[in-house]
Structure formats: C-alpha cells, structure tokens
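Results of the structural survey
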Amino acid sequence: MFKATGFPFHTVALEQVMDLPSSVVAMAPSPSEQPASNYKEAVGHFLQSTSSSRSTPQDEEQTSLPEVPEAHTHFLQQLIGSAKTLTARQDLLNTLRQHLLVHTARTEGYGKVMLGDNCTRLAVKLLTSITLGRGAQLAQDTGFSDARYGDITLVRPMRDYSAKEIAYYNHMFSVASVFTPSLDTKTTDKASIQRLTESFVTKLQEDFPSTVSTIYRTSEKLQTTCRSSAKAEPSDKCLLCVCALDTAVENASAFQATLTSEQLSQTKYPGAAGTEIPRQNPESSAPSGQCCSSGGAEDCGRAERGGGGCCSSAKEPETTDLKSLLCYSCQLTLKDMSSVEHLPQYILSEAQRRQRRSQMREEISEFLLEDGEGGD
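Reading the values: rules and limits
- Residues numbered from 1 in each chain as written.
- Predicted model: local features only at pLDDT ≥ 70, side-chain atom pairs only at ≥ 80, totals over all residues.
- Heavy atoms only, no water.
- Helix = DSSP H or I, 4+ residues; strand = E, 2+ residues; numbered from the N terminus.
- Contact = heavy atoms within 4.5 Å.
- Areas by Shrake-Rupley, 256 points an atom, 1.4 Å probe, with all protein chains shown as cover.
- Core = buried A, V, L, I, M, F, W, Y, C linked by side-chain atoms within 4.5 Å.
- Buried < 20%, exposed > 50% of the residue type's maximum accessible area, 1.4 Å probe, protein only.
- Phe/Tyr/Trp six-rings, centres within 6.5 Å; stacked < 30°, edge-to-face > 60°.
- pLDDT = per-residue confidence, 0-100.
- Axes fitted to C-alpha atoms, helices over the stretch in contact; angles between N-to-C directions.
- Parallel < 35°, antiparallel > 145°, perpendicular 65-115°, else oblique.
- Salt bridge = Lys/Arg side-chain N within 4 Å of Asp/Glu carboxyl O.
- Pairing = 2+ DSSP bridges.
- Polar contact = N/O pair within 3.5 Å; in protein donor to acceptor, adjacent residues only side chain to side chain.
- Expected span 1.5 Å × (residues − 1).
- Left-handed = near helix turned anticlockwise from the far one by under 90°.
- Nonpolar A, V, L, I, M, F, W, Y, C, P; charged D, E, K, R; others polar.

Some points on the overall build of the chain
- In terms of regular secondary structure, the chain is built from 15 helices and three strands.
- The contacts of the chain with a sequence gap of at least 6 include a subset with a gap of at least 24, amounting to 72%.
- For the chain, the exposed area adds up to about 24900 Å²; of that, 54% sits on carbon and sulfur atoms.

Side note on the nonpolar core
- Ranked by size, the top nonpolar core spans 30 residues in total, and within it Leu239 and Leu343 carry the most contacts.
- Every element with two or more residues in this core is listed here: helix H4 (70–81), helix H5 (86–108), helix H14 (328–335) and helix H15 (345–363).
- Every residue in contact with Leu239, bar those within four places of it in the chain, is listed here: Val25, Leu322, Leu325, Leu326, Ile347, Glu350, Ala351 and Arg354.
- Judged by nonpolar contacts, the second largest core, of 10 residues, contains Leu122, Val124, Val201 and Val212.

Comments concerning the packing of aromatic side chains
- Tallying each qualifying case throughout the model produces two aromatic pairs.
- Both rings, one in Phe2 and one in Phe9, keep their centres 5.4 Å apart while their planes meet at 25°; by these two values the pair is stacked.
- Classification of Phe2 by relative accessible area gives exposed; the value is 57%.
- Taking the centre distance of 4.6 Å and the plane angle of 35° together, the rings of Tyr169 and Phe173 count as tilted.
- Looking at Tyr169, the relative accessible area reads 49%, which means it is partly exposed.

A closer look at the confidence of the model for the chain
- This prediction gives the chain a mean pLDDT of 77; 69% of its residues lie at or above 70.
- Considering only residues more than four positions removed or in separate chains, one finds that residues 58–62, a stretch of pLDDT under 50, has four contacts.

What about the packing of H4 against H5?
- Interhelical geometry of H4 versus H5 gives an angle of 135° and a closest axis separation of 9 Å. Judged by the inter-axis angle, H4 sits oblique to H5. Between H4, through Leu76, Leu79, Ile80 and Gly81, and H5, the contact on the second element is made entirely by Arg89, Leu92, Leu93 and Leu96.

A few points about the pattern of salt bridges
- A full pass over the atoms with the stated rule returns 10 salt bridges.
- In this structure, the salt-bridge partner of Arg121 is Asp117, at a minimum N-O distance of 3.5 Å.
- Classification of Arg121 as partly exposed rests on a relative accessible area of 46%.
- Of the charged contacts in the structure, one is a salt bridge between Arg134 and Asp141, with a shortest N-O distance of 2.9 Å.

Description of the sheet that holds strand E3 (residues 153–155)
- Pairing is mixed across the open sheet formed by three strands, whose spatial order is E1-E3-E2. The sheet terminates laterally at strand E1 (112–114) and strand E2 (145–146), the two strands that pair on one side only.
- The pairing of E2 with E3 spans two bridges and is classified as antiparallel. Bridging from a neighbouring strand, Asp146 pairs with Leu154 of E3.

Things to note about unusual backbone geometry
- The backbone phi angle of Ser174 is positive, close to 55°, even though this residue is not glycine.
- Tracing the backbone through its elements, the reader meets Ser174 in the loop between helix H8 (163–172) and helix H9 (193–207).
- You will see that Val242, though not glycine, has its phi angle at about 60°, which is positive.
- For Val242, the location among the structural elements is in the loop between helix H10 (211–220) and helix H11 (254–265).
- When its relative accessible area of 0% is taken as the criterion, Val242 is described as buried.

Topic: the side chain of Thr120
- Tracing the backbone shows Thr120 in helix H6 (residues 119–131).
- Thr120 sits in the buried class, given a relative accessible area of 18%.
- Only 3.1 Å separates the side chain of Thr120 from the backbone nitrogen of Ala163, close enough to count as a polar contact.
- Leaving out residues up to four positions away in the same chain, Thr120 has contacts with Ser162, Ala163 and Val212.

Quick look at H5
- The end-to-end C-alpha separation of H5 is 33 Å, in line with the 33 Å expected for 23 residues at 1.5 Å each.
- Directly beyond the C-terminal end of H5, a positive phi value near 85° is found at Gly109.

Overview of the environment of Phe255
- Residue placement: Phe255 occurs in helix H11.
- For Phe255, a relative accessible area of 14% corresponds to the buried category.
- A sequence separation of 73 residues divides Phe255 from Tyr328, and the C-alpha atoms of the two residues are 8.2 Å apart.

Some words on H15
- Over its 19 residues, H15 extends 27 Å from the first C-alpha to the last, a length consistent with the 27 Å expected when each residue adds 1.5 Å.
- When H15 is considered as a whole, its buried residues turn out to be Tyr346, Ile347, Leu348, Glu350, Ala351 and Arg354.

Focus: the packing of H6 against H10
- One way to put it is that H6 packs onto H10 with a least axis distance of 9 Å and a crossing angle of 70°. As summarised for this structure, H6 and H10 are arranged roughly perpendicular, according to the angle between their axes. The two elements H6 and H10 cross, and the hand of that crossing is left-handed. Facing Cys119, Thr120, Leu122, Ala123, Leu126 and Leu127 of H6, the residues of H10 in contact are Val212, Ile215, Tyr216 and Ser219.
- Of the residues in the contact of H6 with H10, the class split is eight nonpolar, two polar and no charged.

This is how it looks when you write it as structure tokens:
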C-alpha cells in the first residue's frame, strides 16, 4: 500500500526503541525562524529532491524490513511484561512509540510528524487523560499542534473528522485500509481505563450523537498554563512524556490533596480490630533490613539523603529518584511496573544525568546570585 502511493516511507521496528539515544527525551532547540518562502516553490523543491533520491522497488524491499536482534525483542517483552496492569502497558507503549517517531523524524530530517488521531479518538483520549491524572497535559495531548520536543512538532490534521466519517469515506471511495490489533483488542470493557473510557464514549454516542463533538469542542478551549514551556529547563520536563512537571505545586493543591488522601487510606492503625502493624511506605522510610550504620534507621536515612552508602538494595533509592523526575501520571505508570531496570537504557541514562546536574546545582547553590542581587 505504501509503494502504491509513490511517497518515500521508512519501516521502523518497535524494538529499535532500545537503541535510542538519551537526547530523545531531552528537548532540542527549535529551528531558527526563517522568512516565509513561496509555497509552490517549496513543494516543487520537495518533489525534485524526492524524485531524484527515490530508489527502485527492489531496493525498497531490501531496506524496508529492518533486522531486529532477538535480544531486543526479549528486552522489549520484559519491559511490557513488567507492567502489572493493562492500563500501564498501553500508556508505556504509547510513550515508546512517540519516542521512536520523534527519533525517526530527527534522523530523517523531518520537522513535523502528522498523527492520525481523529475526533472520536481524541474525545476518548481527553477523558482517559483526566482519569490517568494528565489534566495539566491535556492541551498538548489533544491539541492540533504539540511542540513539546522543540525541533519536532506533532500535528493532528484529522482531528476534525470522526471515526465514522472516515470509515464512510474509505468505503465510498474504495480507500484501502489496514487494521492493526493493539494490546486491548478483544478484551473486556473493564480490562483497562483506556478500554473502559472508549466503551463509555462509544455507547453514549449511540444514544446521544453529539457526545463526541461536545467533548472534542471542550478540548479545543484548553491551553497550556505555562507560556514559556519551550524555554524551560530539561529538569522541569517529565522524563517519559517530556511535558512540564505538575508535581512542583503548593500545599493547597489537588495534587497534594491526592497524595494526602492516598497516604491516609493506606495507613492501618494498631487499635483497629484485625489490623496488623502499619507497613511503612518505601518512599518515605528506609528499606527493611539491618542498617550498616550504628545509629540505626535514623542515621541510615541521614546517610542516604547525604549521598552515602547503605546496606540496603539500590533499587529503592533509584525508584524514588526516578519518580521525582516524572509527572503524576507517569509516576502512576512507574508504580505499576515490577522493576525499573527493564526501562530502556536511554531513559535511565538521562535520569542519571539529570540527577547529577541537580546534585551539582545544590552544591553550588550558595555561590549563585539570584535575580536582582547583583545590582547596586
């Protein structure tokens, strides 16, 4: 089908996400603004460049199917299998696909990536994002243009058309289509939050035809709260979705209220009937096991905060530090994973780089001058 269109195409395997560089999750500087040229001249130059560099069908058959090592397939299966719930698997899979698309666009010299999200899919995505705690990222996840990566802009040109309109158009004009099964294909409605939201919207659309359009029109009114997000520091961006972090908020906020409610709901008091000793949260207390410090758990926690070593396993501090680099929704996805070690190496490398940079900034914070201190 791609060869029949005559356009150049690139086939990329999902396993190649294991070899991506750490610059994928780092926001690249946007290209400098150039004076607008004639549109026809730009299209003509593109057609000439593609026609001159177009390869033969035999060459396309040889280069269209990439070779995937078995080790990468095994690592990818372990990564997807480490997510305990289908909701976390779908969210993680969508993030990896987006990273791979951005990397492919950068390596091939493209500045924009056109996504096939339609009106129905965006309506489901809007409600799903709210239930997953991505309310602060709705404008970027459902808007027409998404410039979170800086040099690569994600656009959604099909967002004004519903899935039913596209299906009728393909049927009337005999447009060939391919169905690709996903993780939630042939699953029950309650298998995941994404599947449940999709079933809710589609069933409501049958009785109330304006459901999808009403939800979609609401998404058009959403805007990002931070106008200068393009000039933000890399540490202010989420490590997975590359959106602005929504965790650095005041105490009187919905995020802090959610954390307080979650902490209180998980606490068990010894005075209650049939309850056991309350189990400490691994994020706020030292891990179980004998401490290497002679002062007990208190000195162990002090040494851990100061960067010293401890006899406990290295997985708990690594998970806690990694969560501090994620937004609230990505923290929930990471919480559903059995092990963080299955994440691709480029994510772990970027996390270590940000942690070292943050630690260095704390060390030299006493020697830095704030705005207005250097004046007369």
